[in-house]
Amino acid sequence: SFAVLLTGLGHAATDTAAQAERMAEAMQSALAEPLQLQHTTHYISASIGITLFQAPLGNLDMPLQHAEAAMYQAKTAGRGLVRFFDPDTQARIEARLHLENDLRQAIAGEQLRLFYQLQVDGQGRACGAEVLLRWQHPQRGMVSPGEFIPLAEASDLILPIGLWVLQGACQQLHAWAQQPHLAALSIAVNVSAKQFRQPDFVQQVCQAIATSGAPAQRLKLELTESVVLEEVENTIEKMAQLRSHGVRFALDDFGTGYSSLAYLKRLPIDVLKIDRSFTMDIDAPEHSGQGKRPAVLIDAIVAMAHQLDLRVLAEGVETLAQQERLLRSGCDLFQGYRFSRPLPEAEFRAWAAAQQ
Ligand code: C2E
Ligand code: MG
Ligand code: MG
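To start, this report covers the structure provided alongside it. (Residues numbered from 1 in each chain as written. Chains lettered and ligands numbered in written order. Predicted model: local features only at pLDDT ≥ 70, side-chain atom pairs only at ≥ 80, totals over all residues. Heavy atoms only, no water.)

## Quick look at the packing of aromatic side chains
The geometry of two aromatic rings is summed up by the distance between their centres and the angle between their planes. The cut-off we apply is this: Geometry of aromatic contacts follows a simple scheme: Phe, Tyr and Trp rings, the Trp one being its six-membered ring, pair when their centres are within 6.5 Å, and the pair is stacked under 30 degrees between planes, edge-to-face over 60, tilted otherwise. The helix count covers DSSP runs of H or I at least four residues long, the strand count covers runs of E at least two residues long, and both are numbered beginning at the N terminus. Note on classification: 1.4 Å probe, protein chains only; a residue is buried when its accessible area is under 20% of the maximum for its type, exposed when over 50%, partly exposed between these limits. Note on criteria: charge over ring means Lys NZ or Arg CZ within 6 Å of the ring centre, with the direction from the centre no more than 35 degrees off the ring normal.
The tally for this structure, following the rule as stated, stands at seven aromatic pairs. Taking the centre distance of 5.6 Å and the plane angle of 85° together, the rings of Trp135 and Phe148 count as edge-to-face. Separated by 13 residues along the polypeptide, Trp135 in strand 6 (residues 126-137) and Phe148 in helix 4 (residues 145-154) bring together distant segments of the chain. When its relative accessible area of 0% is taken as the criterion, Trp135 is described as buried. Note on Phe196 and Phe201: the rings are 5.4 Å apart at their centroids and 55° apart in plane angle, and the pair reads as tilted. On the basis of relative accessible area, Phe201 is assigned to the buried category, the value being 0%. Through a chain of ring-to-ring contacts, three or more aromatic side chains come together here, namely Tyr116, Trp176, Phe348 and Trp351. Between the NZ or CZ atom of Lys238 and the centre of the ring of Phe196, over which it lies, the distance is 5.4 Å.

Below, the structure written as structure tokens:
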């Protein structure tokens with residue numbers, strides 16, 4: 001990268017900014033001219049970051065760092081853009097880096113927890129639990145996976161974290177198998193794309209099962225559409241291998257992505273999990289706007305899923321009215337605050353014992 005120092009731009013910040021921006025644009029259009037090198041024409045573009053500061057200069061480190069940060073912000077926003085250094089954006093980026101560093105300590109520091117959320121059948125009987133990760137941050141308290149899973153996925157931290165969840169879930173399955181009122185429950189584990197794409201993912205799962213002594217047929221892996229659609233052949237092979245060991249699959253967040261049922265019949269999936277956004281909208285009027293998905297859509301998804309021998313689980317069920325409407329659609333399984341919030345294992349176990 002190159003640094004350009006403009007001096008004598010005056011004192012009024014807005015005027016200074018306008019001049020700097022005009023200069024940046026002039027540099028960009030000069031650079032945008034096609035370049036003739038030997039017999040080919042080359043095109044280049046420049047991302048420019050600007051920071052304003054007052055003379056006398058003293059140390060130039062800070063302005064240079066800010067200009068560089070602004071340049072990276074420009075790059076992230078797209079090709080050939082100009083960005084001014086923005087302390088708020090910078091603070092957000094730094095907070096993210098901070099959190100990522102903390103997350104590196106989380107496993108070793110035993111800050112991660114597994115919570116269990118009940119899944120019930122049409123009669124409201126317990127049939128399984130989804131394991132949901134929680135992070136007990138020493139200063140920030142409970143951090144939601146919505147915040148740290150994307151961070152973990154962007155770095156490779158999702159790999160050790162995902163393995164830790166898998167092993168923990170298998171140990172729990174083994175422990176539950178010894179207790180009459182929990183022995184029939186399955187445990188569903190969320191698997192992210194990077195984790196599933198590892199060449200030795202199948203071995204990791206088999207090893208977690210073998211080491212823990214968990215009943216494989218009660219382990220369920222939740223994959224999302226984007227995972228199964230990417231490299232379909234490889235996905236099918238991995239799923240088939242795991243299926244032959246007894247492991248089952250659920251397709252998570254169905255309806256939020258591509259939502260094609262056509263590819264589903266090629267995949268050994270047992271359960272389709274309809275995304276919470278459908279459940280939320282289930283009592284919306286048939287022709288309401290705002291991208292609402294009325295109940296008829298769920299009726300259709302359930303009918304098609306049943307044709308493909310898939311069971312359908314509705315996520316995020318909060319009210320009796322939603323549950324009743326989903327039952328009428330033919331949904332087989334349910335999960336949501338109406339039945340239970342995600343709970344620490346001890347509470348989940350106590351609750352299950354009390355149901356007896
Ligand atoms: P998901 O797998 O779709 O999990 C369902 C989310 O919906 C959970 O949020 C759960 O607490 C929430 N939920 C359940 N019932 C209700 C309800 O009735 N109402 C509302 N408003 N929400 C409900 P959570 O625990 O915050 O997890 C968010 C996402 O983070 C998960 O979505 C999953 O994609 C990801 N995640 C969680 N744990 C793991 C993990 O161990 N590994 C990976 N790769 N991802 C995980
Ligand atoms: Mg899930
Ligand atoms: Mg989901």
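## With respect to the site of ligand 1
Which entries qualify depends on this criterion: Any residue with a non-hydrogen atom lying within 4 Å of a molecule or strand is treated as near it. Counting of polar contacts relies on pairs of N or O atoms within 3.5 Å, with two restrictions inside protein: one atom must be capable of donating a hydrogen and the other of accepting it, and residues adjacent in sequence are counted only when both atoms are side-chain atoms. Using a 1.4 Å probe, accessible areas were evaluated by the Shrake-Rupley method; residue-level cover was limited to the displayed protein chains.
Surrounding ligand 1, one finds 21 residues, the nearest of these being Arg134, Asn190, Asp252, Glu318 and Tyr337. Interatomic distance of 3.0 Å between a side-chain N/O atom of Glu130 and an oxygen atom of ligand 1. Tyr337 is positioned with one of its backbone polar atoms (N or O) 2.8 Å from an oxygen atom of ligand 1. Out of a free accessible area of 800 Å², ligand 1 has 82% covered by protein chains.

## Digging into the coordination of the magnesium ion (ligand 3)
So the rule is basically this: Think of the donor list as every N, O and S atom within 2.8 Å of the metal, or within 3.2 Å for Na, K and Ca; water never makes the list, so a site can look incomplete.
Protein ligation of the magnesium ion (ligand 3) involves Asp252 (OD), Asp253 (OD), Glu315 (OE) and Glu315 (OE), the donor distances falling in the range 2.1 to 2.6 Å. One chain supplies every donor to the magnesium ion (ligand 3), and in sequence these donors are spaced D-D-x61-E. The distance between the magnesium ion (ligand 3) and the magnesium ion (ligand 2) comes to 4.1 Å, with Asp252 serving as a donor to both metals. Residue Asp252 is located in strand 10 (residues 248-254), and its partner Glu315 is located in the loop between strand 12 (311-314) and helix 12 (320-329); the two are separated by 63 residues in the primary sequence. Residues Asp252 and Glu315 agree in their burial class; the two are buried.

## Overview of the coordination of the magnesium ion (ligand 2)
For the magnesium ion (ligand 2), the full set of protein donor atoms is Glu130 (OE), Asn190 (OD1), Glu222 (OE) and Asp252 (OD), at a range of 2.0 to 2.2 Å. The sequence motif formed by the donor residues of the magnesium ion (ligand 2) is E-x59-N-x31-E-x29-D.

## Examining helix 7 (residues 201-212)
Owing to its 3.6 residues per turn, the α-helix brings residues three or four apart onto one side. So the rule is basically this: Under the convention used throughout, the expected extent of a helix is 1.5 Å for every residue step, that is, one less than its residue count. The arc in question is formed by the directions pointing from the helix axis toward the C-beta atoms. Residue contacts are defined here by distance: any two heavy atoms, one from each residue, within 4.5 Å place the two residues in contact.
Compared with an ideal rise of 1.5 Å per residue, which puts 12 residues at 16 Å, helix 7 spans 17 Å between its outermost C-alpha atoms and is within 8% of the ideal. Looking at helix 7, one finds that the buried residues are Phe201, Val202, Gln204, Val205, Ala208, Ile209 and Ser212. Viewed along the axis of helix 7, the buried residues span an arc of 170°, placing them on a single side of the element. Turned more than 90 degrees away from the buried face of helix 7, the exposed residues are Gln203, Gln207, Ala210 and Thr211. Buried-residue contacts for helix 7 involve helix 5 (158-177), helix 6 (193-197), strand 9 (219-224) and helix 9 (232-244). At the exit of helix 7 stands Gly213, carrying a positive phi of roughly 75°.

## A short note on the state of the cysteines
Definition in use: Note on terminology: disulfide denotes any pair of cysteine sulfur atoms within 2.5 Å.
A full pass over the atoms with the stated rule returns zero disulfides. The thiol of Cys170 is unpaired, and the distance to the nearest cysteine sulfur, on Cys206, comes to 9.9 Å. On the accessibility criterion, Cys170 (0% relative accessible area) is buried.

## Focus: unusual backbone geometry
If you check the backbone angles, Glu231 has positive phi at about 50° while not being a glycine. Residue placement: Glu231 occurs in the loop between helix 8 (225-229) and helix 9. Assessed through its relative accessible area of 47%, Glu231 is described here as partly exposed. We note that Asp253 has phi near 55°; this positive angle belongs to a residue other than glycine. Asp253 gets classed as partly exposed once you look at its relative accessible area, which sits at 25%.

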